[in-house]
Amino acid sequence: MKMIKRLPPILLAMLIQLVAFGICRLVDTYGGQEITLSAFNWALIQGALAAVMTLLSRMSYWWIGIQLVFAPLLILGLAFKIPLWIFPLTLVVLLMVFWNVAINRVPLYLTNTKTTDKLLSLLPKEQGGRFADLGCGLAGTLVTLAKARPDMEFHGFETAPVPFMISKLRALLAGASNVHIHFVSLWVANLSHFDRVYCFLSPVPMPDLYLKARDEMPEGSLFISNSFTVPNIKPSRTVNVQDGRKTKLFIWKM
Ligand SMILES: C[S@@+](CC[C@H](N)C(=O)[O-])C[C@H]1O[C@@H](n2cnc3c(N)ncnc32)[C@H](O)[C@@H]1O
């Protein structure tokens, strides 16, 4: 049971759909002649079963909706004769963009302009220095900061293939030669070179990432997390950004 709870949500959701499908197949096969339902009705029942199991396994609420409509939409897709290759192709494209949602439970959303302006004011006042964006997304933050501070070096670490390629291209097209994008996991990045390490991830990696930052970052450097704090570790400072989503930057001085 513990092992099942530790599965990434996407795998748990798939497992639940398989169990719901198995139950429907069993009832259809051995339930007697009075149960003669269309494939679409079976899909509705499978969706309802999967939604209930998802609710019971305390997954986030949006999974319940996804589980409910997954099988019926699949049957509708088949009824409208959508070519079968569309499904695996869509899956591959989504995986290439949102790779880290499935693997690391970190989605792709981007730092806004007002927060980037605030980050700019948190860069070292003296010339030179190095900044890292752990999980740099589409590199918008890095490119903007790099243009404002040509004296500094900016490094992005990204393991989702499409965002990584877009980041590379963006840095190239912007002519930002002080931006370096690495196809390297943030867990492998060596943080000992950086004066500022920024991340905008999710609550899941924060406790381990804080320990990594504390072990590796040089004394006096700043570890800055957009929106997600570290449980039981009080930040040295919290900066409120005057934007629509009331962004908070949690800052730990190493
Ligand atoms: C919320 S986005 C933030 C993007 C960017 N830092 C920004 O603020 O605009 C988080 C990014 O972290 C990436 N990510 C998640 N886990 C990662 C890992 N282990 N290594 C590298 N990148 C990761 C995701 O692919 C995603 O692009």
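Residues numbered from 1 in each chain as written. Predicted model: local features only at pLDDT ≥ 70, side-chain atom pairs only at ≥ 80, totals over all residues. Heavy atoms only, no water.

A few words now on the packing of aromatic side chains. A complete count under the given rule lists 11 aromatic pairs for this structure. Ring centres of Phe131 and Phe154 lie 5.5 Å apart, and the angle between their planes is 45°; on these two criteria the pair is classed as tilted. In this pair, Phe131 sits in strand β1 (residues 130-134) while Phe154 sits in strand β2 (residues 153-157), placing the two residues 23 residues apart along the sequence. Here Phe131 matches Phe154 in class, with each residue buried. A connected cluster of aromatic rings, assembled from ring pairs, spans Tyr210, Phe223, Phe250 and Trp252. (Phe/Tyr/Trp six-rings, centres within 6.5 Å; stacked < 30°, edge-to-face > 60°. Helix = DSSP H or I, 4+ residues; strand = E, 2+ residues; numbered from the N terminus. Buried < 20%, exposed > 50% of the residue type's maximum accessible area, 1.4 Å probe, protein only.)

Taken together, 24 residues surround the ligand, and among them Asn100, Thr111, Gly135, Glu158 and Phe200 come closest. Leu186 places a main-chain nitrogen or oxygen 3.0 Å from a nitrogen atom of the ligand. Look at the ligand: alone it shows 600 Å² of surface, and the protein chains cover 98% of it. In a pocket analysis with a 2 Å cut-off to the grid points, the ligand is assigned to the second largest pocket. Within the shell around the ligand, the residues separate by chemical class into 14 nonpolar, 8 polar and 2 charged. (Near = heavy atom within 4 Å. Polar contact = N/O pair within 3.5 Å; in protein donor to acceptor, adjacent residues only side chain to side chain. Areas by Shrake-Rupley, 256 points an atom, 1.4 Å probe, with all protein chains shown as cover. 1 Å grid on protein atoms, 1.4 Å probe; cavity = no way out; pocket = protein on both sides within 12 Å on 5 of 7 lines; lining within 4 Å. Sits in = over half its atoms within 2 Å of the grid points. Nonpolar A, V, L, I, M, F, W, Y, C, P; charged D, E, K, R; others polar.)

Take the domain arrangement of the protein chain next. Domain annotation of the protein chain identifies domain 1 (2-82) and domain 2 (113-253). For domain 1 and domain 2, the distance between their C-alpha centres works out to 40 Å. (Domains from an automatic or database assignment.)

Of the two faces of strand β4 (residues 196-199), the one carrying Arg196 and Tyr198 and the one carrying Val197 and Cys199 are both buried. With 4 bridges joining them, β1 and β4 adopt parallel strand pairing. Bridge pairing links Leu134 to Cys199 in β4. Taking the sense of rotation as the criterion, the β-α-β connection linking β4, helix α9 (residues 206-216) and strand β5 (residues 222-226) turns out right-handed. (Pairing = 2+ DSSP bridges. Right-handed = clockwise from strand over helix to strand, strands pointing away.)

A separate point is unusual backbone geometry. You will see that Lys81, though not glycine, has its phi angle at about 55°, which is positive. Position of Lys81 relative to the elements: it lies in the loop between α4 (61-79) and α5 (86-104). The class of Lys81 is exposed, set by a relative accessible area of 71%. Unlike most non-glycine residues, Ala139 shows phi in positive territory, near 65°. Within the element layout of this structure, Ala139 appears in the loop between β1 and α7 (140-148). Here Ala139 falls in the buried class, since its relative accessible area comes to 0%.

Looking at the secondary structure, you find Thr141 in helix α7. Apart from residues lying up to four places away in sequence, Thr141 is in contact with Thr111, Thr116, Leu119, Asp133 and Tyr198. (Contact = heavy atoms within 4.5 Å.)

Scanning all chains against the criterion turns up 5 salt bridges. Across the salt bridge formed by Glu153 and Arg130, the nearest N and O atoms sit 3.3 Å from each other. Taken together, the residues span a long stretch of sequence, with Glu153 in strand β2 and Arg130 in strand β1 at a distance of 23 residues. Look at Glu153 and you get partly exposed, because its relative accessible area is 28%. (Salt bridge = Lys/Arg side-chain N within 4 Å of Asp/Glu carboxyl O.)

In this approach the atoms are scanned with a rolling probe the size of a water molecule, which exposes any empty space left behind. As a volume, the second largest pocket reaches approximately 520 Å³. Along the walls of the second largest pocket sit 37 residues, with Gly135, Cys136, Gly137, Glu158 and Phe200 positioned nearest its centre. Breaking the lining of the second largest pocket down by element, the ones donating at least two residues are α5, α6 (113-121), α7 and α8 (161-173). Residue contributions to the lining of the second largest pocket peak at 5 residues, all from α5. Considering only residue class, the lining of the second largest pocket consists of 22 nonpolar, 12 polar and 3 charged. (Points joined across faces, edges and corners; volume = space filled by probe spheres on them.)

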